[in-house]
Amino acid sequence: MKSSRVKTIGSARKLVNRTKGTNIISKDPVQVYCRLRPMQFSSDVSCMRVISDTTIVITPPESAINFRNTSNKEIQTTFTHVFPPDAKQKEIFDTVALPLVENLIQGRNGLLFTYGVTGSGKTYTMTGDSSQDGIMPRCLDVIFSSIMNYQTKKFVFKPDKLNGFDVQSEADAMLDRQNEIHAGLMSQKNGRSGKIRKVDSDSDSNPIAIRECNEVQTLSVDQDNVYAVFVTYVEIYNNSVYDLLDDDDARAKTLQSKIVREDGNKNMYVHAVTEVEVKSSDEAFEVFHRGQRKRRVAHTALNAESSRSHSAFTIRLVQAPLDCEGEQVIQDKRVICISQLSLVDLAGSERTNRTKNTGQRLREAGNINNSLMTLRSCLEILRENQIQGTNKIVPYRDSKLTHLFKNYFDGEGQVRMIVCVNPRADDYDETIQVMKFAEVTQEVQIARPTITKLDLGYTPGRRQANKIFKEARNRLEREGRVEVNGLEVDIGLVYSLGGPFPELETNNSHNDKIITTLIHFLEQRINKRDILRADLQQKQNEFRKMLSAMEQENIGLKVENAALKASNVQQKKKVSALEGHLGKTEAQIDSLICKLNNANEIIRSMQQELKDRDMTLNQRLIDKQRVKQKYNTKMQVETDKMNRELEIKLRQQREQLQNQMKAQDDKLRLVKQILVDENNVATERIISKDVPLTPIHVVDTTKRIAPSTDRRSRKDRVMVSNPRYRRSQSADRWIDHRPGALIPVGTILQPLMHRRRSISRLADPKEITEGASRYCLVAQEHDTDGELETKLYKGDILPTSGGGAQVVFNDMECLKQSSPKARKRSGPAEVDGQTSVTNQNLEIHSKKPRVIN
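All values reported here derive from a predicted model rather than from experimental measurement.

(A) Structural context of the overall build of the protein chain. Looking only at helices and strands, one finds 15 helices and 29 strands in the protein chain. In the protein chain, which comprises 853 residues, the share counted as buried stands at 36%. Long-range contacts, defined here as pairs at least 24 residues apart, represent 71% of the contacts in the protein chain between residues at least 6 apart.

(B) A look at the packing of aromatic side chains. As enumerated under the stated definition, the model contains 11 aromatic pairs in all. Ring geometry for Phe405 versus Tyr408: centroids 6.0 Å apart, planes at 45°, classification tilted. Here Phe405 falls in the buried class, since its relative accessible area comes to 6%. Three or more aromatic residues link up through ring pairs in this structure, and these residues are Tyr233, Phe285, Phe288 and Phe313.

(C) Fine view of the UniProt feature "binding site: ATP" (unreviewed entry) in the protein chain. Mapped onto this numbering, the UniProt entry gives "binding site: ATP" (unreviewed entry) at Gly116, Val117, Thr118, Gly119, Ser120, Gly121, Lys122 and Thr123. By the secondary structure assignment, Val117 is in the loop between strand S7 (110-115) and helix H3 (122-127). Overall, the relative accessible area of 5% leaves Val117 in the buried class.

(D) Representation of the packing of helix H4 (residues 135-146) against helix H7 (residues 281-292) within the structure. Viewed as axis vectors pointing N to C, H4 and H7 meet at an angle of 150°, and their least axial separation amounts to 9 Å. When the axes of H4 and H7 are compared, the pair comes out roughly antiparallel. Crossing angle aside, the handedness with which H4 passes H7 is right-handed. Counted together, Met136, Pro137, Leu140, Asp141 and Phe144 of H4 and Ser281, Ala284, Phe285 and Phe288 of H7 form the full contact between these two elements. Class assignment for the residues of the contact of H4 with H7 results in seven nonpolar, one polar and one charged.

(E) Quick look at the nonpolar core. Of all hydrophobic cores here, the largest spans 53 residues; its most connected members are Phe79, Phe405 and Phe409. Grouped together as the second largest cluster of nonpolar side chains are 47 residues, Ala87, Met126, Val231 and Ile418 included.

(F) Up close: the pattern of salt bridges. One pass over the full model with this rule turns up 28 salt bridges. When the shortest N-O distance is used, the salt bridge between Lys279 and Glu277 registers 3.0 Å. A salt bridge links Arg756 to Asp736; its shortest N-O distance comes to 3.2 Å. In this pair, Arg756 is assigned in strand S23 (residues 756-759) and Asp736 in strand S22 (residues 734-737), connecting sequence segments 20 residues apart. Ionic contacts of the salt-bridge type, sharing partners, join the residues Lys154, Glu180 and Glu283 into one network.

(G) Focus on H4. For H4, spanning 12 residues, the distance from its first C-alpha to its last is 17 Å, which sits close to the expected 16 Å at 1.5 Å a residue. Across the 12 residues of H4, 11 count as buried, placing the element largely inside the fold. For H4, the full list of buried residues reads Ile135, Met136, Pro137, Arg138, Cys139, Leu140, Asp141, Val142, Ile143, Phe144 and Ser146.

(H) Summary view of unusual backbone geometry. The phi angle at Asn239 is positive, at roughly 60°, despite the residue not being glycine. Along the polypeptide, Asn239 turns up in the loop between strand S10 (225-237) and strand S11 (240-243). A positive phi angle, near 60°, is found at Ala272, a position not held by glycine. Among the structural elements, Ala272 can be located in the loop between strand S14 (268-270) and strand S15 (276-278). Judged by relative accessible area, which is 38%, Ala272 ranks as partly exposed.

(I) Geometry of the side chain of Asn163. Structurally, Asn163 is set in the loop between strand S8 (157-159) and strand S9 (165-167). Judged by its relative accessible area of 15%, Asn163 is buried. Polar side-chain contacts of Asn163 include one of 3.2 Å to the side chain of Arg316. The residues contacting Asn163, other than those within four sequence positions of it, are Asp263, Asn267, Met268, Tyr269, Arg316 and Ile338.

(J) Fine view of the sheet that holds strand S5 (residues 75-78). Strand order in the open sheet formed by three strands is S3-S4-S5, and the pairing between neighbours is antiparallel. For this open sheet the edge positions go to strand S3 (48-50) and S5, each flanked by a neighbour on one side alone. Across this sheet, the average inter-strand angle for adjacent strands is 25°, counted without regard to direction. Relative to strand S4 (residues 55-58), S3 is paired through three bridges, and the arrangement is antiparallel. From the neighbouring strand, Met48 faces S4, where its bridge partner is Ile58. Against the sheet, helix H12 (residues 428-442) makes contact with S3, S4 and S5, and its axis sits at roughly 45° relative to S5, the strand it touches most.

(K) Layout of the pairing of S11. Here S11 shows two buried faces, one formed by Ser240 and Tyr242 and the other by Val241 and Asp243. Bridge count for S10 against S11 is four bridges, and the pairing is antiparallel. Paired with Glu235 across the two strands is Tyr242, which belongs to S11. Counted along the chain from S10 to the antiparallel partner S11, the turn is two residues long, and its residue Asn238 has a positive phi close to 55°.

(L) The confidence of the model for the protein chain, seen in detail. Confidence in the prediction for the protein chain averages 77 pLDDT; 73% of positions are at 70 or higher. The element-level mean pLDDT for the protein chain is lowest in helix H1 (residues 9-22), coming to 35, with strand S6 (residues 81-83) highest at 95. Considering only residues more than four positions removed or in separate chains, one finds that residues 192-209, a stretch of pLDDT under 50, has 19 contacts. Note on residues 824-853: pLDDT is under 50 here. Beyond four places in sequence and across chains, it has 75 contacts.

(M) Up close: the packing of helix H2 (residues 89-106) against H4. Running from N to C, H2 and H4 cross one another at 45°; their axes reach a closest spacing of 9 Å. Comparing the axis directions of H2 and H4 gives the class oblique. In terms of crossing hand, the pair formed by H2 and H4 is right-handed. Across from Gln89, Lys90, Ile92, Phe93, Ala97, Leu98, Val101, Leu104 and Ile105 in H2, the residues of H4 making contact are Ile135, Arg138, Cys139, Val142, Ile143 and Ser146.

(N) How the structure looks around the environment of Ile418. Inspection of the secondary structure puts Ile418 in strand S20 (residues 414-421). With relative accessibility at 0%, the residue Ile418 sits in the buried group. With near-sequence residues (within four places) excluded, Ile418 lies in contact with Tyr33, Arg35, Ile92, Val96, Leu112, Phe113, Thr114, Tyr115, Thr125 and Ile135.

(O) The environment of Val276, seen in detail. Within the element layout of this structure, Val276 appears in strand S15. Overall, the relative accessible area of 15% leaves Val276 in the buried class. Sequence separation of Val276 and Thr232 is 44 residues, and the distance between their C-alpha atoms is 6.7 Å. In this structure Val276 touches Val229, Phe230, Val231, Leu245 and Val287, once residues within four positions along its chain are discounted.

(P) Quick look at the pairing of S22. By the alternation rule, side chains of S22 split into Trp734 and Asp736 and Ile735 and His737, which are all buried. As defined by bridge partners, S22 adjoins S23 across four bridges and the pair is classed as parallel. Note on S23: the bridge partner recorded for Ile735 is Arg757. Across four bridges, the pairing between S22 and strand S24 (residues 774-782) is parallel. Among the inter-strand pairings, Ile735 is bridged to a residue of S24, identified as Tyr775.

Analysis parameters
Residues numbered from 1 in each chain as written. Predicted model: local features only at pLDDT ≥ 70, side-chain atom pairs only at ≥ 80, totals over all residues. Heavy atoms only, no water. Helix = DSSP H or I, 4+ residues; strand = E, 2+ residues; numbered from the N terminus. Buried < 20%, exposed > 50% of the residue type's maximum accessible area, 1.4 Å probe, protein only. Contact = heavy atoms within 4.5 Å. Phe/Tyr/Trp six-rings, centres within 6.5 Å; stacked < 30°, edge-to-face > 60°. UniProt positions renumbered as here; feature names shortened; annotations may be inferred. Axes fitted to C-alpha atoms, helices over the stretch in contact; angles between N-to-C directions. Parallel < 35°, antiparallel > 145°, perpendicular 65-115°, else oblique. Left-handed = near helix turned anticlockwise from the far one by under 90°. Nonpolar A, V, L, I, M, F, W, Y, C, P; charged D, E, K, R; others polar. Core = buried A, V, L, I, M, F, W, Y, C linked by side-chain atoms within 4.5 Å. Salt bridge = Lys/Arg side-chain N within 4 Å of Asp/Glu carboxyl O. Expected span 1.5 Å × (residues − 1). Polar contact = N/O pair within 3.5 Å; in protein donor to acceptor, adjacent residues only side chain to side chain. Pairing = 2+ DSSP bridges. pLDDT = per-residue confidence, 0-100.

Quick look at the structure:
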């Protein structure tokens, strides 16, 4: 049988794309289910209570870390569905995984992963045990039960190592099957177990033998397609991906890390992963257990067989349509539809203080928790982008787990999660974190996947029709009724007027019977001819209509072809223009790249120069610091040496001065004795500048000098002052003479001069005589100790007989500025750590007062 009309691949693809463009992208939230594990021991206390099919109430126990800080004693969590502890495996499969299997057969992708703390029943939910099968074996049973009569022979579809498949001819597929059989025989001959393994009764070596025969559900499939199932099994251990089905790694006893890559359709896959084609659920389950034996499992304080890695068992369903005859697979890679269902068993999150892990187990736990935290961060950022409309980068590449399943969260498949929970009160702190992650996951929206099947426009049901036609032709051949080689069946009228004319012998003209028979025969032939003529006329009309319709369709196709040609010409012009623009752009890019490279070279050279300068500067600074340190050390040594020498010198000078002062005291006592004896002699006390003074720290006492009574005769022609000259004390006016640059001492005790006139030099006697009666000369010098000493020489201004003036000094004040850090000196008298000087410090001369004319 032949199809009446076949659409081309290009028109079908154009129709599919046009249909996709008109659809509105819809999103569904991630469906999260919760399963409670039964209590293991009767002494365990539960902290959870199921109040409905979707809600759980959690009561924090008193042993919780934040029990005192929680204001609300009960926490209510909502899920898509909650499975109580007595829920069966079939109920969980029908609710959670069966819709994903239906989508897989229809050409959509799916992801199902179990999440929870260690020991909460994740692996049991996914794989089950000898009494009850889990989600994974039940998925395999439903898939193979549905496609049982529509599977291809092995190696018709062959992986291309780039996450796709090639369609092989029947001859190539047969050659590959023979090579597989030969390799299996060689393996058995060499004593090694090949890929085809015998089933024995030992439950430990072969878990397939103890599988329970469950009631298998069958789903509807497209009967005009052929199907093949491929499985892969990988684990993510310490943030590295390993292939558990690689026989080469098994012989090497060490698994090699695989790379996660992106194919031409932007889908993530594990490069060079082993894809095994299976033809039954038992064979697939055997392949799963072959990889399960390589998976990392270790003993911890909370779980005797704790998974130390994330495992991903992927079922890939490959389907392709048959040709128009419904017999052979179309040899075109573009018509292949690939869908996959990933079943992920996540390793349990755990706390080190409870599992008591150390060494390698501690490192594994750290990597497990880091990958789960990355998964949680990705979901939180996805939720934030969808709720707030932001465009933050989702860190899929931070972990191999999220990087491998990136496409599912970007809308390439449906995502579901089963949260396995241990309701025991001791696990409350870990369980509450799992609940928070579940709440975040339920708010993430995933785009609905689209079917990627290509409609070729073939007649539906062609496989079944071809089967019925072959059975009918074989039946006719067996009955020997028809030669059916190359038979074209066309049910309709047989164009024949009947048999030959009957034999008529007319010996008598009155033989009416013969005439009647001939008339009847001719009437039948005429009627049959009329029927055949009407049928021919009808067929001719139908054929004319068909020709007219085909002509109209041909005209429409010609018009469409002309429009397509015109559009093609425009597209070619546009492409040529774009190519020219692309050439210019590439030239500009090349020039910019050259400029950028030159700039980078300049930057690198400048950076190198700057680095060299910095190194030189740092070296100079280091040398400077060394020289400075060396100089400071040397200066410190010299300073200490000079201080010691100066201290010795000062001690010697102090002793010398004390001896001189003692001699002066003896002289003063002798002078006093002489003055007492000679009562007629006037005492004059003059402060001599030549007398060395001892260092002081307070203001020295002042000695007033009596007015001079010395007179000179006129014969000497020297101006003599009037000794009786007196002025009112209220009319005193001072001349403050401060020659040179004086250092301000800032002492509290200052000379009392109410009315004064300050001068710096004496150029004219009139500067003294005009309206002034008192004179003060200020002088500064350093004493033997290096301290600053200020002396004030005071005197009276007396007019002379010649009209001039003379100054008679009768008073002297000594102001000394002493450093508070000076060393203590031993002296004749000490008050509060400072030395005071008495009248013995001044030398008294019995001379006339000093007069300045």
